[in-house]
Structures are given as structure tokens and as C-alpha cells.
Amino acid sequence: MHLNRGTIIKTACLIFLYWIALTGFCQYGTPPPPKKTKGPVPITEFGFSQLYGGIIIVHATIDNLKDSLNFILDTGSGGISLDSSTVEEFNIPAVPSSRTIRGIAGVRKVDFAYNHTLNLPGLSVDSLDFHINNYEMLTGVYGMKIDGIIGYSFLKRYIIAIDFDRHTISVFPQGPFKYPQGGHILRPAITALPMQYAEITENETFRSRYFLDTGAGLCLLLSQQFTGDSAVFSKQKRFYTSVAEGIGGKKTMLVTTLKKFKLGPYKFRKMPVYVFDDEYNVTTYPFLAGLIGNDLLRRFNMTINYAKSEFHLVPNNSFREAFDYAYTGFNMFQEGMEVIIMDVMQGSPAEKAGLKDGDVIISIGNKFAGDLQTYKNILQQPGNKVKMVISRNGALQEIKLNIVSIKEKNKKLFKS
């Protein structure tokens, strides 16, 4: 059979296209191995849990004990610590000492557990001296057992990368390190705690030093000593009363919003800010004005490099997330399977709704969770009115609670 030139060309093209299709199919079915990317190799990488306010919970063990313990990763801690009930439960030897630790609500003398090993997934850190503190209140406030706090004693030995998008922590050895592309390097002064300059703007702009504190579940905390001397807030500024828990017990605070806050090149507007009387001089005013907490820092993926006094920040998926402006005027405490109301503020939405200290929450918004974190998430919706069922002296009551916003001018609420 005779084939003309056109037929030959068409046949050749069809064969060529068929070969491309087969080749493409094979490539799709067995993709080539990914190209190796240059970058630092971690010693280990593991996941973490995140609680209300951005608090980081790391799971680890001590020495040869098999029980997994819950630790807060805290740049605001000048050492490493264990809860007193955890020490008692596992018969960890405690040695009395004359050393004290300071917190927002008091000063405490602490015992020590010397020369122990912290076992993280893929990494054991030895020769650690844990101070012993009572974290019963933190356990109740966060709704999970808090066995200890990991701070400077661990952080000073490594380079730590925290990825809030993937909820992972990568641990690198000290030495030359290439940070991820983009972002900004803060250069805080670090003794045991990192201290960083930042700017606040209300009536005027003030540039001051702050602790970088991943263990604080708020955006910004200012001392009354600083706000009083600087007169950063006008006399007409509206404040709402709240209570926070820290070392030494509870502390009454005021909460409002700040016109602008600037950390490095990053600016935040209408950010919630707490103000407290620093009677125990935690912020060593006038050396510092307060602290920057993890409800702000969690908006960045961070690399913490204590050896070089550097914090590398890259805005993450939470960077533009709305701040929590919700205000109800009470706190909650988890005790076993019950969530109990405490610290009902005078004149607050909680008091106006009829809530009292000691009420047991049965449900909020038709959620019968019995879980503190779930209830806190429901109460983060300012402008909503939620139905609560509480138990008081064994009798059930239904209460309707208004969630107001500290961002708005709520004329019906008190001003401190």
C-alpha cells in the first residue's frame, strides 16, 4: 500500500503524541523524588497543644518515669519547674532552699529537685535543677493538669523554632543558623528573661522595654506605675475590671484597648491591654513597662536563639486574626468534671445576669461539654447573648448572659 507524505506525517505525529501521553502518565504515577532543600537540620521535631491565650503545652517525661507530663513552654520563666503535687505523686526528692521566685501576685520560697533529666520526643536534656511550685490554680484555670514550666534552663541550650501553623516545635543545636526567609529579627537583651523594646501609642507614643513572655495568655500587660507616670491613657479612658491568676495567687487587673502597638516593623491597632499594680516589682519599673504575652506572639512563627539574643518572627496564618474583645466579668475554674464560676466582678455583665461565685456550669449555649476550653471559646463572641444553665445549691437555674465588647463604649457598664 502506498502512503503519501501527509499520511506519514500524521502517523508520526500520532505516535509522538501517544509517547508523550505514556511518558506523562508514568511521571504522574511515580513522581521524581523531591529536591533536597538546604537548611538547618533539627535534633528533633514534635507537636504541641495550644490553650486559650496561645499558651503552649509540651508533653514530656522526667528521668525514667513513664507517665507523660504537661509543661508550659515559657520564655517568662527564669529556670525550669515542677508542680508540688507532681513531685509528691512520683516521690521526686525535694531539697529545701532559701531561694524565692516572684510573680504578679506574690513572692514564694521554693524547694528544688536537683539533677534530673527532661525527656522530650527525640531528645533528653540532663543535669536540670527544677524548682518546685504549686500550680494547682493554673491547673484549674486551664482545665488540664499543669505539671511544670519549661523556661530558661532549657531554652538557653538550643535554638527553638515554634511553628504555630503546624503546631510543631523544632529543636536545633546552637551554632550558625539560617533563619527562614522573610520576617524580622528582634534583638532582645537576655539575662534569664528576654527584654525587647516596643512602642505603644494612645495620646502619645512611648518606646519602652518589655519582657517577651510566651507563658502569659494575653497580648500586653502594663504596670500601673508606668501608665501613671507616663499618663499614656486619658482620664476619660474606659477600663473594665478583671482578675488574673499568677504566682502567689490572684491579681485584680484593669482591661481596655490600646490605639496602636508596634513590635519591630509590625503594627497592631485596638489591641487589648491589661494594667496591674506591680506591687512585687515583677517588671522592675522603670526598667521595664510590662510584658508582651503569647496572645500576640502566637501570631508569628518564631525562632528563639538565646545564644545570639535573637527572636526571628514571621507572620503566620493567625497574624490578622481578630483580637478577643469579649468581656463577661467572671472567671471559670475546672475541678474534676465540674466547671465552677469564680471572681464575679461588681457591676459586670455576669453580676447583672445573676451569676455568683461557686455556681457550677451545666451548659453554655446548649453545650453540655463540662470542658473549660469549650466554654471559653463560646464566650469569645462579643455582642451575643448566651443561655447558661447553672447549678446553685443543688438547684438548676437558667441565666441569660450578655457578652459585651471592651472595644465599644458600653455606657451601661461601670468604669473604674
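See the structure shown above.
Structural notes, computed from the coordinates. Nothing here was measured: the structure is a model prediction, and the numbers come from that model.

The next thing to look at is the sheet that holds strand β26 (residues 338-342). Taken together, five strands build an open sheet; the order of strands is β25-β26-β27-β28-β29 and the sheet is antiparallel. The open sheet has two edge strands with one neighbour each: β25 (331-335) and β29 (395-402). Across the sheet, the axes of successive neighbouring strands diverge by a mean angle of 40 degrees, strand direction being ignored.

This part covers the packing of aromatic side chains. Applying the stated criterion across every chain, the model contains 19 aromatic pairs. Arranged with centres 6.3 Å apart and planes meeting at 85 degrees, the rings of F206 and F226 form a pair that is edge-to-face. Here F226 lies in helix α5 (residues 224-230) and F206 lies in strand β16 (residues 205-212), a separation of 20 residues in the sequence. When sorted by exposure, F206 lands in the same class as F226, which is buried. Look at Y240 and Y327: their rings are 5.2 Å apart centre to centre, the planes differ by 35 degrees, and that puts the pair in the tilted class. With Y240 in strand β18 (residues 240-246) and Y327 in strand β24 (residues 326-327), this residue pair connects regions lying 87 residues apart in the sequence.

As a further point, take the nonpolar core. In this structure, L118 and F261 are the most contacted members of the largest nonpolar core, which totals 74 residues. Beyond its immediate stretch of four places on either side in the chain, F261 contacts A198, E199, I200, L220, Y266, K267, F268, M271, I292 and L296. Formed by 19 residues, the second largest nonpolar core is a distinct cluster that contains M332, I361, M388 and I399.

Attention shifts here to the pairing of strand β15 (residues 194-201). In terms of residue burial, β15 counts as a mostly covered element, since six of its eight residues are buried. Here strand β14 (residues 189-190) pairs with β15 via two bridges, running antiparallel. Paired with I190 across the bridge in β15 is P194. Once β14 ends, the chain turns through three residues before running back antiparallel as β15. Two strands pair when backbone bridges link them, and β15 and β16 are joined in this way by seven bridges, in the antiparallel orientation. Looking at β16, one finds that Q196 is bridged to Y210. Adjacent in sequence and paired antiparallel, β15 and β16 are bridged by three residues.

So, about the side chain of N294. Counting through the fold element by element, N294 comes out in helix α6 (residues 294-297). Note on N294: relative accessible area 0%, which makes it buried. The residues contacting N294, other than those within four sequence positions of it, are G53, G54, I55, I56, F164, D213, T214, A216, L218 and M302.

On the surface, K259, K267, R269, K270 and K407 cluster together into a positively charged patch. If one sorts the elements of the positive patch by residue count, strand β20 (residues 266-276) sits on top with three residues. Looking at the element boundaries, K267 is found in strand β20.

What follows deals with the environment of L355. Here L355 is to be found in the loop between α7 (349-353) and β27 (360-364). Residues L355 and L401, 46 residues apart in the sequence, show an inter-C-alpha distance of 8.9 Å. Once residues lying within four places of it in the same chain are set aside, the contact partners of L355 are F330, I341, V344, A350, M388, I390, R392 and I399.

The rules behind each value
- Residues numbered from 1 in each chain as written.
- Predicted model: local features only at pLDDT ≥ 70, side-chain atom pairs only at ≥ 80, totals over all residues.
- Heavy atoms only, no water.
- Pairing = 2+ DSSP bridges.
- Helix = DSSP H or I, 4+ residues; strand = E, 2+ residues; numbered from the N terminus.
- Axes fitted to C-alpha atoms, helices over the stretch in contact; angles between N-to-C directions.
- Phe/Tyr/Trp six-rings, centres within 6.5 Å; stacked < 30°, edge-to-face > 60°.
- Buried < 20%, exposed > 50% of the residue type's maximum accessible area, 1.4 Å probe, protein only.
- Core = buried A, V, L, I, M, F, W, Y, C linked by side-chain atoms within 4.5 Å.
- Contact = heavy atoms within 4.5 Å.
- Patch = residues over 30% accessible without salt bridge, like charges linked within 9 Å, V, L, I, M, F, W, Y side chains within 5 Å.
- Areas by Shrake-Rupley, 256 points an atom, 1.4 Å probe, with all protein chains shown as cover.
- Salt bridge = Lys/Arg side-chain N within 4 Å of Asp/Glu carboxyl O.
- Lys, Arg positive; Asp, Glu negative; His and termini not counted.
- Charge placed at Lys NZ, Arg CZ, Asp CG, Glu CD.

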